[in-house]
Amino acid sequence: MNDLSTNWNATPQAGVGRRLLTRLTGSGVWRSVFRHGWIRTNRDRALTIYSNVFLHIHPVKVRKSALPFRVTFCLGGLSLALFIVLTVTGILLMLYYHPSAPRAYEDMKDLEFVVSSGVFLRNLHRWSAHLMVITVFLHMLRVFFAGAYRPPREFNWVVGVMLLVLTLLLSFTGYLLPWDQLAYWAITVGTNMAGAVPWVGDEIRFLLLGGNTIGENTLIRFYVLHCVVLPLGIVVLMAVHFWRVRKDGGLARPL
Amino acid sequence: MPQRDFELVKSDDPVAVPKRVALVSRDVSLKVDVEPEEMVMSVPHLVLREAIAFELLVAFLAFYSLLVDAPLEQMANPLKTPNPAKAPWYFLGLQELLHYFPPIVAGVLVPALVVIALIVIPYFDVNVRRPRLWERRDRRALLTFGSVVLGSLVILAIFGVWPVVITSFLLSLVMIACLLYPSETGWWGRVCKLSLPSWIMIWFVACTVVLTLIGVYFRGPGWSWVWPWQ
Ligand code: HEM
């Protein structure tokens, strides 16, 4: 790794930028945060991973054969990335949204006509949600055709199926929140299907809707599910999922 | 002798005994045909790729969101039922099935069976080696498989689920072509190498896609057939 470890120390001839960088990454404050200097050696590269709570989800080294795009098509990672985008845009949307009728719909109109970039924000959230359903499904197909669900990864596949179900439920509960005709009747169709469950169908539907038809009770229930319960659930399962990917020995080798 | 809490079964049938122990005596050297694999540092090789993928995704989302607006219709009105009322697109495959089957089949049985089928996959298909579809060309397997497919097609046809019937029929033709004109090379060779589990998954995905597309683009008032350009 000689190319990357050329002398980064501040020699008198070094440029201002490099001298500043060396001063910065050598300072006590920097070290208190990052525990290592500018990344020069393999030791720094390893420290970057395991002295960082977010990056230490990765091993310090990975198999070179697991890197090319065609191995995963980045689909699992993109699903996570979309979830992050959805969390950020979702929190911003929550600042403008009241889960009550007809206020919810008026808030949509405000996003369109009053809030700066409100439409853009809503678009980002909606299209990311649709895309996430697609990437999670494709990720499942990728794992299937790679045979990566075989022992010892059986359980992680099951966790994955739960993640797929949660992704669909998140998308479905979010669909009601704009409180327009599209939302209202799509959820009517969807929850009518739940009503077809034998014996307890009507009870399940009543529990979901907080009544016999969709109304304000439904809105608040779907809101709590969409913004609190389901995201918490999916975060917990994702933690298990990623941890298991590593514990099961990293990505499955090609068949 | 230490206590054993497992039992050794002697077998060379990988279906019956998927996890196996090899005993290597001292005078034989263990031969493994896996080379030690080349490793790279995660920083920068992996983390940089992830960062680039993330940037590209956000750029794509931003462009798309600038160009296409999320729909917003009139305020919800319980008294004004639109015709047709459609579920979100990822459930339109199920709603399309609702057109052919009673709600308990389309709304409960099918989704429940799909989730259960997905969950049990790794507990049924545990072998590393995947025999191609027609590898065991004994007549019994062929007959069983053929009659299962034919039987399901007949039942589906009775219910009039022609999107699934046609999709299944076309896929069966491809599978039969694999039997009649087998190949080892090229893209057709790759199709011929597909195992039965792969074919089942392909069939499931094909039916889901066809049903969903019909639900999204080809259904109008009263769930009647319309063309997208009508
Ligand atoms: C919210 C949804 C999900 C997220 C964020 C997610 C994320 C990931 C990531 C980042 C990986 C690493 C490799 C890769 O990117 O392919 C992975 C691997 C894996 N995922 Fe998922 N996943 C999700 C859903 C699923 C689903 C629906 C399944 C299957 C039903 C699944 C099964 C697996 C398995 C078995 C592996 C290990 C693959 C291997 O070893 O090659 N995941 N997942």
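Residues numbered from 1 in each chain as written. Chains lettered and ligands numbered in written order. Predicted model: local features only at pLDDT ≥ 70, side-chain atom pairs only at ≥ 80, totals over all residues. Heavy atoms only, no water.

Tell me about the overall build of chain A, and name the residues and values.
Tallying secondary structure elements over chain A gives 11 helices and 1 strand in all. For 255 residues, the compact-globule estimate of 2.2 N^0.38 gives 18 Å, and the C-alpha radius of gyration of chain A, at 24 Å, exceeds that figure by more than 25%. Projected onto the principal axes, the alpha-carbon positions of chain A cover approximately 75 × 50 × 30 Å. Within chain A, buried positions represent 45% of all 255 residues. Expressed as a percentage of contacts within chain A between residues at least 6 apart in sequence, the contacts between residues at least 24 apart total 62%. Here chain A has roughly 13200 Å² of accessible surface; of this, 68% comes from carbon and sulfur atoms. For chain A, the distance from the average position of its 25 positive side-chain charges to the average position of its 12 negative side-chain charges is 22 Å. (Helix = DSSP H or I, 4+ residues; strand = E, 2+ residues; numbered from the N terminus. Rg over C-alpha atoms; globule rule 2.2 N^0.38 Å. Buried < 20%, exposed > 50% of the residue type's maximum accessible area, 1.4 Å probe, protein only. Contact = heavy atoms within 4.5 Å. Areas by Shrake-Rupley, 256 points an atom, 1.4 Å probe, with all protein chains shown as cover. Lys, Arg positive; Asp, Glu negative; His and termini not counted. Charge placed at Lys NZ, Arg CZ, Asp CG, Glu CD.)

Tell me about the coordination of the iron atom of the ligand, and name the residues and values.
All names here are of chain A. Protein-derived coordination of the iron atom of the ligand comes from His139 (NE2) and His241 (NE2), at a distance range of 2.0 to 2.1 Å. What the 6 donor atoms of the iron atom of the ligand show is an angle range of 87 to 179° at the metal, which sorts the shape as octahedral. Of this pair, His139 sits in helix 7 (residues 118-145) while His241 is found in helix 11 (residues 216-247), placing the two residues 102 residues apart along the sequence. Overall, His241 belongs to the buried group, its relative accessible area being 12%. (Donors = N, O, S within 2.8 Å, 3.2 Å for Na, K, Ca; no water. Tetrahedral: all angles 85-135°; square planar, octahedral: opposite > 155°, others 65-115°.)

Account for the site of the ligand, with residues named and values stated.
Residues and elements named next belong to chain A. Around the ligand sit 26 residues, and of these His139, Arg142, Gly160, His241 and Ala252 come closest. Within the backbone of Gly76, one N or O atom sits 3.3 Å away from an oxygen atom of the ligand. Residue His139 places a side-chain N or O atom 2.8 Å away from a nitrogen atom belonging to the ligand. Only helix 5 (75-94), helix 7, helix 8 (154-176) and helix 11 provide two or more residues apiece to the shell around the ligand. (Near = heavy atom within 4 Å. Polar contact = N/O pair within 3.5 Å; in protein donor to acceptor, adjacent residues only side chain to side chain.)

Residues and numbers for the environment of Cys207 of chain B, please.
All names here are of chain B. Topologically, Cys207 is positioned in helix 7 (residues 196-217). Taking the C-alpha atoms as reference points, Cys207 and Ile119, 88 residues apart in sequence, are found 19 Å from one another. Each residue touching Cys207, except ones within four places of it in the same chain, is listed here: Val164, Thr167 and Ser168.

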